[in-house]
Amino acid sequence: MVSGAGSLQGAMERATGSRAPILVWAPTPQALLALEKDLTQALEPGGSLHGLAERILSPSQFLPVDQDKKAEVLRKLRGHLSKEVIDFLPPAQRKDLTQFLNSTPVKSEDLSGGVRSAFQDRSGHMGKILYVEPAADAWLLAEGRVLVLSKNLRAILARHEGRMAGQLPVIADIVLSIEKDGPRATLFALGSVIFLVVLSFRNFAAVFPLLLGLCLAVLWLVGGMSFLDLRLNFINFIALPITFGIGVDYSVNLFQRYLLERQDNKKRHGAMLRAV
């Protein structure tokens, strides 16, 4: 990730109205030019970013087009207009014409403060940052488009030693982390709960109903989510490991109290009532 990316992206959104653009950084201005060329090609039909990203936002897109041709026209005008012709004009027109003929090409440094700050790094220099605007439907997690865009963009950046930052790459990284580590964390939590229950009672007759209660709790959770059409995501995924602990906690406490009541020579029904 690029340091200070949040403030730069905010400036980009204010300057262009683009929704959550992805900040792209290259180590040198030359690398950024080559990277911009590859990204532009990837946006074309058949490219790896086609349909996933809308456009590339760089300082050059905020500059006037065909400045070299316009500078050549000005050079020819200066050659045709003699000093006598210019001096013949009224003062106000002569001033405007002189200013027009002496115009120089607009550079990135001449852009307005809001736009310029969006493309400056922390040292205040330009030429290492551009933005990729994602397509509106690229955020659909259900279809995995956010993952495809992040993966393809990283592949292009890797060829130029570039980096990226933004909401979409963060979401993609979190989703990939859940896909990779989520099942392992869930199985570890389940295994730990089973181990602690077995270690506490060491009796199959006691362990079985406790784990059965745990399975019912998880089944109710998953069944309720399915009935309500709720999906697991990086916010609610933690509910699964927590359910393992909560699902067995009350069962263990009640059963331990039941065993204590039975040790006082109470009958089964009396011990159950006292435990509850």
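Our structure's up above, just so we're on the same page.
The model shown is predicted, which means the values in this text are computed figures rather than measured ones. Throughout, a residue's number is its position along its own chain's written sequence, starting from 1. Whole-chain, interface and lining totals are the exception, using all residues; otherwise, since this is a predicted model, local features are given only for residues with pLDDT of at least 70 and side-chain atom pairs are given and counted only at 80 or more. The side-chain figures draw on all heavy atoms in the structure; neither hydrogens nor water molecules are used.

A few points about the pairing of strand 1 (residues 22-25)
Line of reasoning, step 1. Between any two strands, pairing holds if DSSP finds at least two bridges. Secondary structure elements follow DSSP: runs of H or I of four or more residues count as helices, runs of E of two or more count as strands, with numbering from the N terminus. By the bridge criterion, 4 bridges tie strand 1 to strand 3 (residues 129-134) in an arrangement that is antiparallel. Bridge pairing links Leu-23 to Tyr-131 in strand 3.
Line of reasoning, step 2. Bridge count for strand 1 against strand 4 (residues 163-165) is 3 bridges, and the pairing is antiparallel. Paired with Val-24 across the bridge in strand 4 is Met-164.

Side note on the packing of helix 8 (residues 167-201) against helix 10 (residues 239-263)
Line of reasoning, step 1. Angles shown run from 0 to 180 degrees and are taken between the N-to-C directions of axes, each axis being a line fitted to C-alpha atoms and, for helices, limited to the stretch in contact. The contact between helix 8 and helix 10 brings their axes to 9 Å, and the two run at 10 degrees. Classified by the angle their axes make, helix 8 and helix 10 are roughly parallel. Contacts between helix 8 and helix 10 involve Thr-186, Ala-189, Leu-190, Val-193, Val-197 and Phe-201 on the former and, on the latter, Pro-241, Phe-244, Gly-245, Val-248, Val-252, Phe-255, Gln-256 and Leu-259.
Line of reasoning, step 2. Here the term charged refers only to Asp, Glu, Lys and Arg, the term nonpolar to Ala, Val, Leu, Ile, Met, Phe, Trp, Tyr, Cys and Pro, and the term polar to all other amino acids, Gly among them. For the contact of helix 8 with helix 10, the class distribution of residues is 11 nonpolar, 3 polar and no charged. If an angle is under 35 degrees, it is roughly parallel; if it is over 145, roughly antiparallel; if it lies from 65 to 115, roughly perpendicular; otherwise it is oblique. Note on contacts: a residue pair is in contact if any heavy atoms of the two residues lie within 4.5 Å.

Observations concerning the side chain of Glu-133
Line of reasoning, step 1. For Glu-133, the location among the structural elements is in strand 3.
Line of reasoning, step 2. The buried category is assigned to Glu-133, whose relative accessible area is 13%.
Line of reasoning, step 3. Pairs of N or O atoms within 3.5 Å make up the polar contacts considered here, provided that, within protein, one atom can donate a hydrogen while the other can accept it, and that residues adjacent in sequence are counted only when both atoms are side-chain atoms. In this structure the side chain of Glu-133 is engaged in a polar contact, spanning 2.4 Å, whose partner is the side chain of Arg-55. Type-normalised accessible area, obtained with a 1.4 Å probe on protein chains alone, sets the label of each residue: buried when under 20%, exposed when over 50%, and partly exposed for intermediate values.

Details of the packing of aromatic side chains
Line of reasoning, step 1. Here the aromatic set is Phe, Tyr and Trp, taking the six-membered ring for Trp, and pairing holds for ring centres within 6.5 Å; pairs whose planes are under 30 degrees apart are stacked, those over 60 apart are edge-to-face, and all others are tilted. Considering all chains together, one arrives at 3 aromatic pairs under this definition.
Line of reasoning, step 2. Between the aromatic rings of Phe-119 and Tyr-131, the centroid separation amounts to 5.5 Å while the plane-to-plane angle is 80 degrees, which identifies the pairing as edge-to-face. In this pair, Phe-119 is assigned in the loop between helix 6 (113-118) and strand 3 and Tyr-131 in strand 3, connecting sequence segments 12 residues apart.
Line of reasoning, step 3. Among the residues examined, Phe-119 registers a relative accessible area of 0% and is labelled buried.
Line of reasoning, step 4. Judged by its relative accessible area of 0%, Tyr-131 is buried.

A closer look at the nonpolar core
Line of reasoning, step 1. In plain words, nonpolar cores are sets of buried Ala, Val, Leu, Ile, Met, Phe, Trp, Tyr and Cys residues tied together by side-chain atoms within 4.5 Å. Core analysis: the biggest nonpolar cluster contains 25 residues, and Leu-35, Leu-39, Leu-49, Val-132 and Leu-153 have the highest contact counts within it.
Line of reasoning, step 2. For this core, the secondary-structure elements that each account for two or more residues are strand 1, helix 2 (29-43), strand 2 (53-57), strand 3, helix 7 (145-158) and helix 8.
Line of reasoning, step 3. Looking at this core element by element, the count peaks at 6 residues for helix 2.
Line of reasoning, step 4. The residues touching Leu-35, leaving out its near neighbours within four places in the chain, are Val-24, Ala-26, Ile-156, Leu-157 and His-160.
Line of reasoning, step 5. In terms of nonpolar packing, the next biggest core, distinct from the first, is built from 15 residues, Ala-189, Val-193, Leu-214 and Val-218 among them.

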